[in-house]
Amino acid sequence: KAGVTQTPRYLIKTRGQQVTLSCSPISGHRSVSWYQQTPGQGLQFLFEYFSETQRNKGNFPGRFSGRQFSNSRSEMNVSTLELGDSALYLCASSFGYGGLKYNEQFFGPGTRLTVL
Amino acid sequence: DQQVKQNSPSLSVQEGRISILNCDYTNSMFDYFLWYKKYPAEGPTFLISISSIKDKNEDGRFTVFLNKSAKHLSLHIVPSQPGDSAVYFCAASAWETSGSRLTFGEGTQLTVNP
């Protein structure tokens, strides 16, 4: 069974640009969550999508947005990039229902975004 | 507001000995706790979890203990092996109120010396 895949693995952008990251969950998983990892803040929850709907949202500005398609694949977008957006962006997938005990989250390898 | 804290950024242990990683939390709504292991350039890998209705869960060399009154959990690795060297994250969830959302600690770098 294929794991969670994220593309691209590495990205370099400049301030003010926008970026789109992609995540393909494990087959059969309907929930996709996004996390940002930085040295100073650790792993921070961005948002979760389940069946094409945003089900949960963290404390990030509106420049961070996402969506989920009917095949459960998800994209996140960051507009007007700032230097502080440089981070590892991780995607995690799970079935998304039945309680967390039955919903081990499987993480992808992440996309390393560098903003210059 | 850091709701999940791992106060030790690093831990060094001899091969064969016990590794004990600690985690404290403040949110009493958390009802499920997990430990993840992370190697550089990879995503976190799930290790072991515990529900708030239990105080211990064991899986091979890994045991997680939960002390709800102290809002404290720990991960014991016995015996420790060099391949266990990685960053370990404690995470917590409140499924009824926050669904799949995980709140992570800052991580502890474990080094197991041969």
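Residues numbered from 1 in each chain as written. Chains lettered and ligands numbered in written order. Predicted model: local features only at pLDDT ≥ 70, side-chain atom pairs only at ≥ 80, totals over all residues. Heavy atoms only, no water.

Enquirer: I'd like a rundown of the overall build of chain A, residues and numbers included.
Expert: For chain A, the helix and strand inventory stands at 0 helices and 11 strands. Going residue by residue from the N terminus, the α and β elements of chain A occur as β-β-β-β-β-β-β-β-β-β-β. Taken over C-alpha atoms, the radius of gyration comes to 14 Å for chain A, in line with the 13 Å a tight globule of 116 residues would show. The C-alpha extent of chain A, read off along each of the three principal axes, is 40 × 25 × 25 Å. Here the analysis covers contacts within chain A between residues at least 6 apart in sequence; of these, 55% occur between residues at least 24 apart. Total accessible area on chain A is roughly 5400 Å²; 50% of this is exposed by carbon and sulfur atoms. Measuring between centres, the 12 positive side-chain charges of chain A sit 2 Å from its 6 negative side-chain charges. (Helix = DSSP H or I, 4+ residues; strand = E, 2+ residues; numbered from the N terminus. Rg over C-alpha atoms; globule rule 2.2 N^0.38 Å. Contact = heavy atoms within 4.5 Å. Areas by Shrake-Rupley, 256 points an atom, 1.4 Å probe, with all protein chains shown as cover. Lys, Arg positive; Asp, Glu negative; His and termini not counted. Charge placed at Lys NZ, Arg CZ, Asp CG, Glu CD.)

Enquirer: Explain unusual backbone geometry residue by residue, including any values.
Expert: A:Thr7 connects to A:Pro8 through a cis peptide bond whose omega is -10°. Inspection of the secondary structure assignment puts A:Pro8 in the loop between strand 1 (5-7) and strand 2 (10-13). Omega for the peptide link from B:Val78 to B:Pro79 comes to -15°, which places this bond in the cis form. Among the structural elements, B:Pro79 can be located in the loop between strand 8 (72-77) and strand 9 (86-93). Of note, the phi angle at A:Ser72 is positive, near 75°, even though the residue is not glycine. A residue is classified by how much of its surface remains accessible, and A:Ser72, at 11% relative accessible area, is buried. Positive phi outside glycine occurs at A:Thr80, with the angle close to 45°. Classification of A:Thr80 by relative accessible area gives partly exposed; the value is 47%. (Buried < 20%, exposed > 50% of the residue type's maximum accessible area, 1.4 Å probe, protein only.)

Enquirer: Describe the interface of chain A and chain B, and please don't skip the residues or the numbers.
Expert: Each side of the interface is counted separately: chain A has 27 residues, and chain B has 18 residues. Seen at the junction of chain A and chain B, the total is 0 salt bridges. Across the chain A-chain B interface, the total number found is 4 residue pairs in polar contact (both at pLDDT 80 or more). Among the secondary structure elements, those contributing two or more residues to the side of chain A that touches chain B are strand 4 (31-38), strand 5 (42-50), strand 6 (53-57) and strand 9 (87-94) of chain A. By residue number, the principal contributor to the side of chain A that touches chain B is strand 4 of chain A, which donates 4 residues. (Salt bridge = Lys/Arg side-chain N within 4 Å of Asp/Glu carboxyl O. Polar contact = N/O pair within 3.5 Å; in protein donor to acceptor, adjacent residues only side chain to side chain.)

Enquirer: Can you explain the side chain of A:Ser74? Please cite residues and give values.
Expert: Assignment of secondary structure puts A:Ser74 in strand 8 (residues 74-78). There is a polar contact of 2.9 Å between the side chain of A:Ser74 and the backbone oxygen of A:Arg67.

Enquirer: Outline the state of the cysteines, supporting the account with residue identities and numerical values.
Expert: By the definition in use, this model includes 2 disulfides over all chains. Note on cysteine connectivity: A:Cys23 is disulfide-linked to A:Cys91, with sulfurs 1.7 Å apart. Taking the torsion about the S-S bond as the criterion, the A:Cys23 to A:Cys91 disulfide, at about -45°, is left-handed. Remark: A:Cys91 occurs in strand 9 and A:Cys23 occurs in strand 3 (residues 19-24); sequence separation between them is 68 residues. In this model, B:Cys23 is linked to B:Cys90 through a disulfide, with the two sulfur atoms separated by 2.0 Å. One quick way to see it: the torsion about the S-S bond of B:Cys23 and B:Cys90 is about -65°, and its sign makes the bridge left-handed. Of the two residues, B:Cys23 is situated in strand 3 (residues 19-25) and B:Cys90 in strand 9; the sequence distance between them amounts to 67 residues. (Disulfide = S-S within 2.5 Å.)

Enquirer: Please give an account of the nonpolar core that cites residues and values.
Expert: Membership of the largest hydrophobic core comes to 24 residues, with the highest contact counts inside it found for B:Phe33, B:Trp35, B:Leu73, B:Leu75 and B:Tyr88. Elements with a minimum of two residues in this core: strand 3, strand 4 (32-38), strand 5 (45-51), strand 7 (62-67), strand 8, strand 9 and strand 11 (108-113) of chain B. Ignoring any residue separated from it by four or fewer positions in sequence, one finds B:Leu73 in contact with B:Leu21, B:Asn22, B:Cys23, B:Tyr25, B:Phe33, B:Trp35, B:Val64, B:Phe65, B:Leu66 and B:Cys90. One finds A:Ile26, A:Val32, A:Phe60 and A:Phe64 within the second-largest nonpolar core, a separate group that totals 21 residues. (Core = buried A, V, L, I, M, F, W, Y, C linked by side-chain atoms within 4.5 Å.)

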